[in-house]
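Tertiary structure, described
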Amino acid sequence: MRVLALDFGSARTGVAVSDATGTLASPIGVVERAATDAGLERIAELVVAHDAELVLVGLPLTLRGERGAQALETEAFVETLSGRLAVPVETFDERFTTTLAQQTAGRAPEDAVAAAHLLQGWLERAR
């Protein structure tokens, strides 16, 4: 199953996609202002372009595993996104993905690399 992952942020949202076997996550770019109509439309286009069967959105829990203001904003985004897509939208704990992205060398935008780390963690857990 191919999965599209989002590291949601109000300004920039990193995007990654899995391979068709659900083994490897790759960063593919950034969507600016993803919660706007234009941003939501761009995400819908990416879902179709990559034949994604699921969209995974990182849920920024606190270190204690609680939902703070960012998590509530993300959950509102997920609710809106779910109404726009024909595929399921799930959340997954994204703690430490930004830190991992900052430590990862490469040319992809940091937000997209964070989305790839999020997705890779989900893929490994799903096995």
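Residues numbered from 1 in each chain as written. Predicted model: local features only at pLDDT ≥ 70, side-chain atom pairs only at ≥ 80, totals over all residues. Heavy atoms only, no water.

**Points about the overall build of the protein chain**
When helices and strands are tallied, the protein chain shows four helices and five strands. The linear arrangement of helices and strands in the protein chain, starting from the amino end, is β-β-β-α-β-α-β-α-α. Taking 127 residues into account, the globule formula puts the C-alpha radius of gyration at 14 Å, and the protein chain, at 13 Å, falls close to it. Principal-axis analysis of the C-alpha atoms places the extent of the protein chain at approximately 35 × 30 × 30 Å. Sorting the 127 residues of the protein chain into buried and exposed places 44% on the buried side. Long-range contacts, defined as pairs at least 24 residues apart, comprise 61% of the intrachain contacts of the protein chain with a sequence gap of at least 6. (Helix = DSSP H or I, 4+ residues; strand = E, 2+ residues; numbered from the N terminus. Rg over C-alpha atoms; globule rule 2.2 N^0.38 Å. Buried < 20%, exposed > 50% of the residue type's maximum accessible area, 1.4 Å probe, protein only. Contact = heavy atoms within 4.5 Å.)

**A few points about the nonpolar core**
In this structure, Leu4, Leu6, Ile43, Val55, Val57, Phe77 and Leu81 are the most contacted members of the largest nonpolar core, which totals 21 residues. Taken together, the elements giving at least two residues each to this core come down to strand E1 (3-7), strand E2 (12-18), helix H1 (37-49), strand E4 (54-59) and helix H2 (69-84). With five residues, H1 is the largest single contributor of residues to this core. Excluding residues within four positions of it along the chain, Phe77 makes contact with Leu6, Phe8, Ala34, Ala35, Leu40, Ile43 and Val57. If you look at the next biggest cluster of nonpolar residues, it comprises 13 residues, including Ala5, Leu56, Ala116 and Leu118. (Core = buried A, V, L, I, M, F, W, Y, C linked by side-chain atoms within 4.5 Å.)

**Examining the pairing of strand E3 (residues 25-32)**
On a regular strand, each side chain points to the face opposite its neighbour's, so the side chains alternate between the two faces of the sheet. Strand direction decides the pairing type here: E2 and E3, joined by seven bridges, are antiparallel. Bridging from a neighbouring strand, Val17 pairs with Ser26 of E3. Count of turn residues in the E2/E3 antiparallel hairpin: six residues, of which Gly22 carries a positive phi of about 70°. (Pairing = 2+ DSSP bridges.)

**Some remarks on H2**
Relative to the 22 Å expected for 16 residues at 1.5 Å per residue, H2 spans 23 Å between its end C-alpha atoms, a close match to the ideal helical length. For H2, the full list of buried residues reads Ala71, Thr74, Phe77, Val78 and Leu81. Buried residues of H2, seen end-on, are gathered within an arc of 120° and therefore sit on one face of the element. Pointing more than 90 degrees away from the buried face of H2 are the exposed residues Ala69, Leu72, Glu79 and Gly83. Where H2 is buried, its residues meet E1, H1, E4 and strand E5 (89-93). (Expected span 1.5 Å × (residues − 1). Arc of directions from axis to C-beta.)

**Some remarks on the pattern of salt bridges**
Two side chains carrying opposite charge are able to pair once their charged atoms lie near each other. For the coordinates displayed, the defined rule picks out five salt bridges. A salt bridge links Arg12 to Glu32; the nearest nitrogen and oxygen atoms lie 3.4 Å apart. One end of the pair, Arg12, is in strand E2; the other, Glu32, is in strand E3, with 20 residues separating them in the sequence. Glu45 is paired through a salt bridge with Arg42; the nearest N and O atoms lie 3.3 Å apart. Within this pair, Glu45 and its partner Arg42 are both found in helix H1, separated by three residues, close to a single helical turn. Classification of Glu45 by relative accessible area gives partly exposed; the value is 38%. Classification of Arg42 by relative accessible area gives partly exposed; the value is 38%. (Salt bridge = Lys/Arg side-chain N within 4 Å of Asp/Glu carboxyl O.)

None of the figures reported here should be taken as evidence of function without further support.
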